[in-house]
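Fold and contact review
Spelled out, the chains give:
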Amino acid sequence: MNAAPLATAVLGGVAALDAEPVAQTLFSQPLVTATVLGFVWGDWATAFEVGIVLQVLAASTLPVGSRTPEDYATGGVVGVGVALALANHEAFTIAKQGCAMLGVLVGMVVATAGIPLLKWKRRTNEGLARWCEEAVRAGDASAPARAQGAAIVLSFALGVTYTALCLGVGIVLLDRVAAQESLRLAHAWTLARPLWLGLGLAQVLSAFLQRRLTRGVAFGAALVATWMFLMIGGH
Amino acid sequence: MSRIQPSDLRRIAWRTLLLQAAFNYERQQGIGWAYALDPALRRIYPDDALRRERLAEHTAYFNTQPTLASVALGAALAAIGDRLFWFTLRPFAACLGVLFAVLGSPFGALALLLSYNAIHLVLRFTGVRIGHAAGPGVLGSGLRDRLEAMVRRLGVLGCVLIGVLVAALLAPGGEPATMTFQATLIGGLLFGMLAALRSRPSPTQWALGLGALCLLAGFRR
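First, a word on scope: everything that follows refers to the structure included in this document. Every residue gets a number counted from 1 within its own chain, in the order that chain's sequence is written. Chain letters start at A and ligand numbers start at 1, both assigned in the order the entries are written. This being a predicted model, a pLDDT of at least 70 is required before a residue's local features are given, and a value of 80 or more before pairs of side-chain atoms are given or counted; all residues contribute to the totals for chains, interfaces and linings. Only heavy atoms go into the side-chain values, all of them from the structure, while hydrogens and water stay out.

Details of the interface of chain B and chain A
Counting residues at the interface gives 92 residues for chain B and 88 residues for chain A. Put simply, buried area is how much 1.4 Å-probe accessible surface two parts lose in total, over both of them, once they are put together. Here chain B and chain A share an interface that buries about 8,000 Å² over both sides, 73% of which is from carbon and sulfur atoms. Salt bridge criterion: a side-chain nitrogen from Lys or Arg within 4 Å of a carboxyl oxygen from Asp or Glu. At the junction of chain B and chain A, the tally comes to three salt bridges. Pairs of N or O atoms within 3.5 Å make up the polar contacts considered here, provided that, within protein, one atom can donate a hydrogen while the other can accept it, and that residues adjacent in sequence are counted only when both atoms are side-chain atoms. In this structure, the connection of chain B to chain A is made through 18 residue pairs in polar contact (both at pLDDT 80 or more). Here a helix means four or more residues in a row that DSSP labels H or I, a strand means two or more in a row labelled E, and each is numbered from the N terminus. With 16 residues, the top contributor of residues to the side of chain B that touches chain A is helix α7 (residues 143-170) of chain B. Its residues placed into classes, the side of chain B that touches chain A shows 58 nonpolar, 22 polar and 12 charged. Residue contacts are counted whenever heavy atoms from the two residues lie within 4.5 Å of one another. Amino acids outside the nonpolar list (Ala, Val, Leu, Ile, Met, Phe, Trp, Tyr, Cys, Pro) and the charged list (Asp, Glu, Lys, Arg) are all regarded as polar, and Gly is one of them.

Focus: the side chain of T163 of chain A
All names here are of chain A. Within the element layout of this structure, T163 appears in helix α6 (residues 143-180). When accessible area is computed with a 1.4 Å probe and restricted to protein chains, residues below 20% of their type maximum are described as buried, those above 50% as exposed, and intermediate ones as partly exposed. A relative accessible area of 0% places T163 in the buried class. With residues up to four places along the chain from it excluded, the contact list for T163 reads T8, A9, G12, T74, V77 and V78.

Focus on helix α5 (residues 93-137) of chain A
Since one α-helical turn is 3.6 residues long, residues separated by three or four positions face the same way. All names here are of chain A. What a helix should span is 1.5 Å times the count of its residues minus one. The end-to-end C-alpha distance of α5, which contains 45 residues, comes to 63 Å, matching closely the 66 Å that a straight helix rising 1.5 Å per residue would cover. At I115, α5 is deflected by roughly 30°, the largest bend along its length, and proline P116 occurs up to four residues later in sequence. Where α5 terminates, the next one or two residues include G139, which has phi positive at roughly 115°. A residue's bend is the angle separating two fitted axes: one through the seven residues that end there, the other through the seven that start there.

Some remarks on unusual backbone geometry
With an omega of -5°, the peptide bond between R200 of chain B and P201 of chain B qualifies as cis. In this structure, P201 of chain B sits in the loop between α8 (179-195) and α9 (203-220). Backbone geometry places A23 of chain A, a non-glycine residue, at a positive phi of 70°. Within the secondary structure, A23 of chain A is located in the loop between α1 (3-19) and α2 (30-41). Relative accessible area serves as the criterion here: at 10%, A23 of chain A is assigned to the buried category. For Q28 of chain B, which is not glycine, the phi dihedral falls at a positive 50°. Looking at where Q28 of chain B falls in the secondary structure, it is placed in the loop between α1 (6-15) and α2 (30-44).

This is the structure:
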């Protein structure tokens, strides 16, 4: 039991690395980290329920202009982690849906609250960059490599710490709520899940459409054709 | 001044993976750029003092789309890079992964990673060679046209993919979803299309607001 929260915190650090400093392979995306966490906690259903919604919302968060986007790398890990930790105590599906509702909300709050942390980290890197230039001019050609290493360590440490803190606070604050209000939370989930999915998919669709009628026709045709295939093919 | 070797280009390509390690507001990717360029500088400037001077200059402000930085290093790609990777390929890969997950497959994450990195990592590692071979004329070599075509095709495919995904949500496993689900999904889509007309509030802020309303609805029951 103790290994799962620890692994979740470490995954938060790894996701923080992939999100910006290292490679950006999309390993930090909520669906990917949810898959890993589903394996770690042994509850794929809850992990995917939360991971799918957070992934759609993360996909709708496009880096426009100078705005710092929400940090869904750690938000995704914390959201899924909190949901899994709360659902671990619940036996019934409806109760697990309530935990999923809390998990998505926590994920979004953590992602939003992570913006100032991201900005702080970037400002810290400014000092590192100035040090690096001075060190190189002073004769230390290895300074860029050392600066990169320091920045990576900082990102990982921040990711682990922030994930662990939010995971702990989330579980402590919401454990009783999840147990006592599971029916109400499950009802809220039946409304929120499709609303969130629709909102996120519409944002992504809008970015793809680019106000071109032909692309709208492509979307409509694919929707109708797939729906008919599923409905007719399923009978 | 020595010629840059293929091994130098390979080292530069690997180093581009850390382009954003020390990202900051003042110099953005400056440190990462200098770090990545260092193998080439070692080859070009045998004199240590001169190389360090050039290296220090390259720690200044630099920013581009990280994947296409390879091409820039090898050879003003930020705009096409942003449109291709951040605004098109990343949401496309995300939706593909979600589709797999919605259809009940455990391979959604794999589909997401493969569909994105098949283009991303290939371009990262071949971009240095392409940019080095083409030089400043890299944008005139047809690369920009090919990237623009990729953006257009992925945009159309993305619309089709979302159509398939919405249909899969409306009729999971061939059975229609509940009326509540269908109605709220369509409501969410319509609301999202309206919300997309403005950049603020962000989608997450809208989602938090909708979540709060759903909690109110659930607790009033």
